[in-house]
2 protein chains.
Amino acid sequence: MIAIPDAAGRLAAALGGGPAAQLAASALVEADALGLPRFGIAMLDEWTVDAAPVPARESSQAIGWLDCASCFAPLAVASATLDLAEAARQFGVAAVFLRGVRGFGRLAPFVRHLADGGLLGIAGAEGPPFVAPHGGTRPVIGTNPLALAIGQGSERVVIDVATSTATMADIRNARASGAPLPEGIALDGEGRPTRIAAEVAALLPRGGQIGSLLGLVVELMAGVAGGGRGDPKGRGVFLLAFDPSRAGEGIDWQARLAGLKGDWIEGGGHWPRGGRAAPEAVLDDDFVQRLDTSLARMTIQPGR
Amino acid sequence: MIAIPDAAGRLAAALGGGPAAQLAASALVEADALGLPRFGIAMLDEWTVDAAPVPARESSQAIGWLDCASCFAPLAVASATLDLAEAARQFGVAAVFLRGVRGFGRLAPFVRHLADGGLLGIAGAEGPPFVAPHGGTRPVIGTNPLALAIGQGSERVVIDVATSTATMADIRNARASGAPLPEGIALDGEGRPTRIAAEVAALLPRGGQIGSLLGLVVELMAGVAGGGRGDPKGRGVFLLAFDPSRAGEGIDWQARLAGLKGDWIEGGGHWPRGGRAAPEAVLDDDFVQRLDTSLARMTIQPGR
């Protein structure tokens, strides 16, 4: 067994240390702690010793585009998040578009990091076509999640929502187990509803038209404006940050956030916190073994 | 009968002329032409001769907050849109948060104006509590629409979607006509589903959880970061603009947009164009009469 900070610390050191390595390592370890191993240290399978250093942001710009095809993706997204926070403090608002991004895990830890720094963070990621448009029959966009975080402590809100009814991993799992799919989540190759995982050719948007439009919003940002769409080397990801403290005393966004949280819960809503492992949570021996294997591979420098 | 450009021209002159008056006038007249009179020149009822001039943006800032409580709202939103376009060209990305905004009509014409200028525009508006959180029983947020536009000509996309199942105007209409509401759109004062318009105490989010979270995203932007929430003088509105041409030749966002549109339609999807009246459309005599009445009121300067 290993405590989360210890596991994240070991991984951060193997990723070269420093704040970006720390953020990337925490994000991956947290996913395993939350029972989402697909978004966890499994990402280290894509780590290579010759990964390119993460491209640096032009420090005088509020907006930037980065090609991450040669980078280790979790480190690239973490590094872009740190740079974005700096730009948002300088300009009040900043945006970065990444393309060629391979598996990087969940968006939540990155927007939450922006919230930790007093900012409002928004992120989205497009990907290969798995999801049909509302009313359509063939896959056009990815599962295109959108995330937002603002606030600290108990008021903090972290939204992280996929715009599809399911993920392709859910379909793979159902295929392996032979279980029927829930109704209304997938189409077969002829565009007909199906509950047989092996026949799935497209997923449906979450919530019908509104999920379809939100998936399109993410695609237009990360895929069109960001240039990620159709890149065989990886996904398009966008990150935005706003500095609400620029508004001055008159706005008092912290008080408004606390008020909204109170109203939301009183109205019967669930205040989304985006999933965060309890600080005292520990990871089991199977995780430790997987981590050891990954770290050993990362420390043996081939050819030396 | 009157042609759209003629009606917009007359109204723009009455609003003082200039680009912001032109944009505001076109937006209102267009809503009437689209058969949405609630978002049209009916807004002129709130025009007063002593409306404050629209506050000017600090030209050296990428982000700004404006209190519009004393302004004529359509003109304030139009003016903020024009200033935002300038800031987005200067910084690559820019944001403006308006608060105290009274009725201003639809978001679509304003984001479309940003798209006309080669930008990607996003906007959202919060409002008084009509909509319950997903799974909840009491109203907490407004119908909170989100809009996005990018591109020109036939490739252009304009998304403009409310995050609720209906609007309070739909409920008022049903109340007047006595027609039963569709199932699953509203709750009564006890938080139970109702189809009786007179009993409606809360609307439901569109598409369930995803619509509820998107409504919350708009509230966090326009209401919390923008400071609009709970302001009895009006709504919170945010506008964002990005300049995708800053990415340089490598991205070619126009080609990616055309490709996405082709894929979307081929996949069976509807490419959203946000509602635009045909240029040759004409408005009927009833409209002309309403316009004349409004313009007469605007030109008679009380007390002079």
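- Going by an unreviewed UniProt entry, chain A carries the name LDH2 family malate/lactate/ureidoglycolate dehydrogenase and comes from Aminobacter ciceronei.
- The heading Sequence similarities (unreviewed entry) in the UniProt record of chain A holds the text "Belongs to the LDH2/MDH2 oxidoreductase family."

**Let's talk about the packing of aromatic side chains**
Then step 1. Under the counting rule described, the total for this entry stands at five aromatic pairs over all chains.
Then step 2. Ring plane angle 65 degrees and centroid distance 6.1 Å describe the contact between A:Phe91 and B:Phe91, whose orientation is recorded as edge-to-face. Taken together, the positions of A:Phe91 in helix α3 (residues 73-91) and B:Phe91 in helix α3 (residues 73-91) put the pair across two chains.
Then step 3. Clustering of aromatic rings is evident, with ring pairs tying together A:Trp65, A:Phe97 and B:Phe242.

**Thoughts on the environment of B:Leu84**
Residue and element names in this part refer to chain B.
Then step 1. In this fold, Leu-84 is placed in helix α3.
Then step 2. Between the C-alpha atoms of Leu-84 and Gly-267, which are 183 residues apart in sequence, the distance is 35 Å.
Then step 3. The contacts of Leu-84, once residues within four sequence positions are left out, are Ala-94, Ala-95, Val-96, Leu-114, Leu-239, Leu-240 and Ala-241.

**Remarks on the sheet that holds strand β2 (residues 63-67) of chain B**
All names here are of chain B.
Then step 1. In spatial order, the strands read β2-β3-β9-β4-β5-β6; together these six strands make up an open sheet with mixed pairing. Either end of the sheet is taken by a strand with one partner, and the two such strands are β2 and β6 (157-161). Across the sheet, the mean angle separating the axes of adjacent strands is 10 degrees when strand polarity is ignored.
Then step 2. In this sheet, strand β9 (residues 235-242) lies alongside strand β4 (residues 120-125) in antiparallel orientation, the contact comprising six bridges. Bridge assignment links Ala-125 to a residue of β9, and that residue is Val-237.

**Considerations on helix α8 (residues 285-299) of chain A**
Residues and elements named next belong to chain A.
Then step 1. Taking 1.5 Å per residue, 15 residues should reach 21 Å; α8 reaches 21 Å between its end C-alpha atoms and fits that length.
Then step 2. Listing the buried residues of α8 in full gives Phe-287, Val-288, Leu-291, Ser-294, Leu-295 and Met-298. Along α8, the residues classed as buried sweep out an arc of 130 degrees about the axis, all on the same side. Among the exposed residues of α8, those pointing more than 90 degrees away from its buried face are Asp-285, Gln-289 and Thr-293.
Then step 3. On its buried face, α8 is in contact with β1 (2-3), α1 (4-14), α2 (18-33) and β10 (282-283).
Then step 4. If you check the start of α8, you find a side-chain oxygen 3.3 Å away from the backbone N of Asp-286, and it comes from Asp-284.

**Regarding the pairing of β4(B)**
All names here are of chain B.
Then step 1. Most of β4 sits out of view: six of its six residues are buried.
Then step 2. What you see with β4 is no split at all: Leu-120, Ile-122 and Gly-124 on one side and Gly-121, Ala-123 and Ala-125 on the other are buried throughout.
Then step 3. Of the strand pairs in this sheet, β4 and strand β5 (residues 146-150) are connected by four bridges, and their pairing is antiparallel. Directly across from Ala-123, in β5, lies its bridge partner Ala-147.

**What to know about helix α4 (residues 108-116) of chain A**
Residue and element names in this part refer to chain A.
Then step 1. When you tally the buried positions in α4, you get seven out of nine residues, the bulk of the element.
Then step 2. What α4 keeps buried is the set Ala-108, Pro-109, Phe-110, Val-111, Arg-112, Leu-114 and Ala-115.
Then step 3. On its buried face, α4 sits against α2, α3, β4 (120-125), β5 (146-150), β6 (157-161) and β9 (235-242).

Conventions and cut-offs
Residues numbered from 1 in each chain as written. Chains lettered and ligands numbered in written order. Predicted model: local features only at pLDDT ≥ 70, side-chain atom pairs only at ≥ 80, totals over all residues. Heavy atoms only, no water. UniProt positions renumbered as here; feature names shortened; annotations may be inferred. Phe/Tyr/Trp six-rings, centres within 6.5 Å; stacked < 30°, edge-to-face > 60°. Helix = DSSP H or I, 4+ residues; strand = E, 2+ residues; numbered from the N terminus. Contact = heavy atoms within 4.5 Å. Pairing = 2+ DSSP bridges. Axes fitted to C-alpha atoms, helices over the stretch in contact; angles between N-to-C directions. Expected span 1.5 Å × (residues − 1). Buried < 20%, exposed > 50% of the residue type's maximum accessible area, 1.4 Å probe, protein only. Arc of directions from axis to C-beta. Polar contact = N/O pair within 3.5 Å; in protein donor to acceptor, adjacent residues only side chain to side chain.

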